[in-house]
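Understanding the architecture of this molecule
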Amino acid sequence: MEFSPFRINSFLFFKLPSAFWCGVRLKQLDAQQALVVVRHRWINQNPFKSMYFAVQAMAAELSTGALVMYHIQKSGYNISMLVASNQSTFTKKATGRIQFKCDAGQQIAQAIEQTIQTGEGSTVVLQSIGTNQQGEQVSVMQFEWTLKVKSNKR
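Everything in this summary refers to the structure shown in the same document.

Calculation criteria
Residues numbered from 1 in each chain as written. Predicted model: local features only at pLDDT ≥ 70, side-chain atom pairs only at ≥ 80, totals over all residues. Heavy atoms only, no water. Buried < 20%, exposed > 50% of the residue type's maximum accessible area, 1.4 Å probe, protein only. Helix = DSSP H or I, 4+ residues; strand = E, 2+ residues; numbered from the N terminus. Pairing = 2+ DSSP bridges. Salt bridge = Lys/Arg side-chain N within 4 Å of Asp/Glu carboxyl O.

Here the focus is the pairing of strand β4 (residues 97–102). Only one face of β4 is buried: it carries Ile-98, Phe-100 and Cys-102, and the other face, with Arg-97, Gln-99 and Lys-101, is open. With six bridges connecting them, strand β2 (residues 34–39) and β4 associate as antiparallel partners. Across the sheet, residue Val-36 finds its bridge partner in β4, namely Phe-100. Where β4 lies against strand β5 (residues 122–131), three bridges are found, and the strand directions are antiparallel. Its bridge partner being in β5, Gln-99 is matched across the sheet by Thr-131.

Pasting the structure below:
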């Protein structure tokens, strides 16, 4: 599968419909970073009239996961990926358009290369920062991804 925002958003529709219907969308993906946006709406709000934390987590996870998927495909190896843990900090009410950015492409590439070279599983901790339209940080989320080579080249 070609990794483009359109393809990933189509994947969301069929494989993660709750994220799709809540408005989570990948806007940018390249070797260095992924950018995901979600707009606060009635369907994804909490009782306090801000974005529900789980919607923020879906968007943040997609920003890290899409970048991992991109680098796995680029490696040419069949590598499994799984979230082992996550940690979240919320600093401001999330209203309006929120964007989540992960810019750890180099870190991911190194972890994948290590996994390929050693044949051992590895972990990489990735951070996604959520900001509102004014550029203010609303949340910071960290995801620990485990990587393991399932078989040699595809």
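Before going further, it helps to examine the pattern of salt bridges. Under the defined criterion, the tally for this structure stands at one salt bridge. Of the charged contacts, one joins Lys-92 and Glu-136 as a salt bridge, the two residues approaching to 3.9 Å between their closest N and O atoms. Note that Lys-92 is positioned in the loop between β3 (77–90) and β4 and Glu-136 in the loop between β5 and β6 (137–153), a separation of 44 residues in sequence.

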